[in-house]
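# Remarks on the overall topology
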Amino acid sequence: MSTPPLRPGVSAGVPAGVSVSSVRGLRLRARRVSRDVRGTGRVLSGASLDVAPGTLVVIAGSSGAGKTVLLQTLAGLSAPSEGEVWHDGAPPGPPGPEFGYVPQEDIIHRELPLHRTLVYAAGLRMPPGTPAAAVAATVDRVLETLGLTSRRDTPVRALSGGERKRASIAVELLTRPRVLFLDEPTSGLDPVTGAELMRTLRGLADDGTTVVLTTHVLADLPRGDQVVFLSADGEVAYTGEPDGLCKAFGVGSAEEVYGAVADGARAPGTGDIPGQADGPAPAGPAGQAGTAGAAARARTAVAAGKASRVGAVRQWMLLTRRGTALLVHNRLSVAVLAGSPVMIVAMFAVLFRADAFDPASPDPGSTAMIMFWIAFGAFFFGLTYGLLQICTELPVLRREWLAGLRIGPYVASKLTTMLPVLTLAVALLLAVLRALDRLPPAGWDTYASLFATGVLASAAALALGLLASAAVSEPGQATLMLPLLCFPQVLFSGAFVPVPRMTAGGEAISWAMTNRWAFEALGSGVGLESLWRTGASPLGPPLLASYGKSFGHPAARGWVILAGFAVLFLGLTWWVLVRKCRDGAVRSRQGR
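Conventions and cut-offs
Residues numbered from 1 in each chain as written. Predicted model: local features only at pLDDT ≥ 70, side-chain atom pairs only at ≥ 80, totals over all residues. Heavy atoms only, no water. Helix = DSSP H or I, 4+ residues; strand = E, 2+ residues; numbered from the N terminus. Buried < 20%, exposed > 50% of the residue type's maximum accessible area, 1.4 Å probe, protein only. Contact = heavy atoms within 4.5 Å. Areas by Shrake-Rupley, 256 points an atom, 1.4 Å probe, with all protein chains shown as cover. Phe/Tyr/Trp six-rings, centres within 6.5 Å; stacked < 30°, edge-to-face > 60°. Expected span 1.5 Å × (residues − 1). Axes fitted to C-alpha atoms, helices over the stretch in contact; angles between N-to-C directions. Parallel < 35°, antiparallel > 145°, perpendicular 65-115°, else oblique. Nonpolar A, V, L, I, M, F, W, Y, C, P; charged D, E, K, R; others polar. Pairing = 2+ DSSP bridges. Left-handed = near helix turned anticlockwise from the far one by under 90°. pLDDT = per-residue confidence, 0-100. Core = buried A, V, L, I, M, F, W, Y, C linked by side-chain atoms within 4.5 Å.

The next subject is the overall build of the protein chain. If you tally the helices and strands in the protein chain, you get 20 helices and nine strands. Here the protein chain holds 592 residues, and the buried ones make up 54% of them. For the protein chain, contacts bridging at least 24 residues in sequence account for 77% of all contacts bridging at least 6. Element-wise, carbon and sulfur atoms account for 62% of the exposed surface of the protein chain, whose accessible area totals about 24,200 Å².

This part covers the packing of aromatic side chains. If you walk through the whole model with that rule in mind, you get 17 aromatic pairs. Here Phe 372 and Phe 519 contribute two aromatic rings whose centre-to-centre distance is 6.4 Å and whose plane-to-plane angle is 75°, an arrangement assigned as edge-to-face. Here the residue Phe 372 occupies a position in helix α11 (residues 364-387), and Phe 519 occupies one in helix α17 (residues 514-526), the gap between them amounting to 147 residues. For the pair Phe 372 and Phe 519, one class covers both residues: buried.

Moving on, we get to helix α4 (residues 161-173). The end-to-end C-alpha separation of α4 is 19 Å, in line with the 18 Å expected for 13 residues at 1.5 Å each. For α4, a buried count of twelve out of 13 residues is recorded, marking the element as mostly surrounded by other parts of the structure. Looking at the buried side of α4, the elements it contacts are β5 (99-102), α2 (114-125), α3 (132-145), β6 (179-183), α5 (191-206) and α12 (394-402).

At a minimum axis separation of 5 Å, helix α9 (residues 312-329) and helix α10 (residues 331-351) run at an interaxial angle of 85°. If you check the angle between α9 and α10, you find them roughly perpendicular. In contact with Leu 327, Val 328 and His 329 of α9, α10 contributes Arg 331, Ser 333, Val 334 and Leu 337. When its residues are assigned to classes, the contact of α9 with α10 shows four nonpolar, two polar and one charged.

A separate point is the sheet that holds strand β9 (residues 236-240). With mixed pairing, the six strands of this open sheet are ordered in space as β5-β6-β7-β3-β8-β9. Strands with a single pairing partner mark the edges of an open sheet, and in this sheet they are β5 and β9. Shown here is a sheet whose adjacent strand axes are inclined to one another by a mean of 10°, direction ignored. Judged from the four bridges that link them, strand β8 (residues 226-230) and β9 form a sheet pairing that is antiparallel. Opposite Leu 230, over in β9, you have Val 236 as the bridge partner.

This part takes up the packing of α11 against helix α14 (residues 444-471). Viewed as axis vectors pointing N to C, α11 and α14 meet at an angle of 35°, and their least axial separation amounts to 7 Å. Crossing angle aside, the handedness with which α11 passes α14 is right-handed. Each of Met 371, Ala 378, Phe 379, Gly 382, Leu 383, Tyr 385, Gly 386 and Leu 387 in α11 lies in contact with α14, whose residues at this interface are Leu 450, Gly 454, Ala 457, Ser 458, Ala 461, Leu 462, Leu 464, Gly 465, Leu 466, Ala 468 and Ser 469. A per-class count over the contact of α11 with α14 returns 13 nonpolar, six polar and no charged.

This brings us to the confidence of the model for the protein chain. In the predicted model, the protein chain carries a mean pLDDT of 83, and the fraction of residues at 70 or more is 86%. Considering each helix and strand of the protein chain separately, the mean pLDDT is smallest for helix α8 (residues 285-307), with a value of 42, and largest for α14, with 96. Low confidence marks residues 1-22, where pLDDT is under 50. Its contacts with residues over four positions away, or in another chain, come to 47 contacts. Residue range residues 274-307 is modelled with pLDDT below 50. Its contacts to residues more than four positions away, or to other chains, number 26 contacts.

With respect to the secondary-structure elements, Gly 525 resides in helix α17. Gly 525 sits in the buried class, given a relative accessible area of 18%. What Gly 525 contacts, discounting residues up to four positions off in sequence, is Thr 446, Ser 449 and Ala 555.

Taking 1.5 Å of rise per residue, the 14 residues of α3 would be expected to cover 20 Å, and the 20 Å separating its terminal C-alpha atoms lies within 8% of that figure. Where α3 terminates, the next one or two residues include Gly 147, which has phi positive at roughly 70°.

Bringing unusual backbone geometry into the picture now. Unlike most non-glycine residues, Asp 88 shows phi in positive territory, near 55°. Note that Asp 88 resides in the loop between β4 (82-87) and β5. Even without being glycine, Asp 437 reaches a positive phi, approximately 65°. Position of Asp 437 among the secondary structure elements: in the loop between α13 (407-435) and α14.

Bringing the nonpolar core into the picture now. Phe 357, Ile 370, Met 371, Ile 374, Leu 439, Trp 532 and Leu 577 are the most contacted members of the largest nonpolar core, which has 84 residues in total. No other element matches the 16 residues that α11 contributes to this core. With near-sequence residues (within four places) excluded, Ile 370 lies in contact with Phe 348, Phe 352, Ala 356, Phe 357, Arg 438 and Leu 439. In this structure, Val 58, Val 142, Leu 173 and Leu 182 belong to the second largest nonpolar core, which totals 47 residues.

Mapped onto the secondary structure, Arg 322 falls in helix α9. Looking at Arg 322, the relative accessible area reads 6%, which means it is buried. Once residues within four sequence positions are removed from consideration, Arg 322 is found in contact with His 109, Tyr 120, Leu 124 and Glu 400.

We now examine the environment of Val 472. On the secondary structure map, Val 472 appears in the loop between α14 and α15 (475-491). Residues Val 472 and Ile 390 lie 82 residues apart in sequence; the distance between their C-alpha atoms is 9.1 Å.

Once that is clear, we can look at the sheet that holds strand β2 (residues 41-51). Ordered in space as β2-β1-β4, the three strands form an open sheet in which the pairing is antiparallel. Where the open sheet ends on each side, the last strands, each with one partner, are β2 and β4. Within the sheet, the average angular offset between the axes of one strand and its neighbour, ignoring direction, is 25°. Of the strands in this sheet, β1 (28-37), β2 and β4 touch helix α1 (residues 67-75), which is tilted by about 55° from β2.

On a regular strand, one side chain projects to one face of the sheet and the next to the other, so that they alternate. Burial runs high along β9: five of the five residues are buried. Connecting β8 to the antiparallel partner β9 that follows it, the hairpin turn spans five residues, and Gly 234 within it adopts a positive phi of roughly 85°.

Written out as structure tokens, the structure is:
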């Protein structure tokens, strides 16, 4: 695998017709920056540095030295506990199109071909109204810059580790970032691939982009313009050119630098950067004017970024299209989508005999259980479809949020992507059960009621699944949530133990179970109360008495409650994701 060098006059991610000189790197300055991390203590202490525009900076140090914390603080993603950070002489503003951050996790979906994935990413980042041809041309240009043109039609999951790293960088180059932050981009790569990636970053810096990265790889140190070496207690032990690193500690190799720093050595002159003692600009009227001008430029850039951000409706439409494409290309999702209805129908065919709803000789016990399992089937569809929708793409979501993605359209897109599938599953379930004579030969009004209840039950369960998916941090935890969420829905639905027969505590819990309201609405819609009262079975009257008024309310009552649960769960999902994005847009590894 080979990465071609950047062609002269071609800047990474620069649209056609834009000169290279218009891409100006961001200047970064930090003065006595310290960071305290809850549960860990101080992981960064009094760090000061000055990064010139178009510089490639390598942050190194032992594990736990605070490299990622420093990177996040310089990027403005985390506020320092003490000290100050400036971007072009002003405090960091909200991340925008000129800002790029690549965490260690992939920030790109794996299911789709690379080119198509980047087109979707560009649609969320590039200004509204950008023609499709211009979007495609930008994607092609970025792929060429990163040496990925030959892999444009390859699914991201089939790319090598180094290619996926470059693919994540490609996402950030779509909008011409002035500054690019990368957390250990060469980690896990073989030496040749790591060297190629560093050459790519070297080319970006030469084109004007300020590049700051953390690393554990010794070979990365001499490839930067500036090395920032942190001690184990989070202090800057050295900052300067790579050639001076070993000389500053009187050692012969970079490996020995680690040992010297661990023994407490500090390079001379690693205090405050000259000229920073009183702020980001020289004191006096000229310096004040320079700072004020930089702050004004920063405010203008922020305002322009907000003005050019893709609208909520367009984000929702784009995310819905992307979600549908991801769903279709994910074999596991397709298997779950197709397998769940088949499993439920097979269960009905084995468990229940036909003619349970025969008015002449109904089987009240079977009719109640059929209604319950329809309710639970709809719940199971929605929950399983929702549980893995968010937790598998949290790194992508956090990065896209930094680029201007709104959480509301994101959550709404999950609903609009999955709800049509759930609607189809419910319709097929009811149709097959009627064909198997497990449901009564009723009119369209009865089946419309059953269909509406099933869809609303699935929507509420989908919203619950999305909430659980948003709350956990990895897919394994979401899988463990499945039985924990299903068991209460079975026990407190009122099917096996009627609500009037429950204890006060059990009845209180049943109010929070969507399955209870789906079960009661289905029973009302199919007319269980009338069937049990007028049927010939002696079990009808006592069973009716045990269920009390469970089926005496109109089905619309259950619809309203189910819709309310769906709205509540979606609102909570939005709230959880907003908090996760704001509090940890890029999760630092504590103590690293």
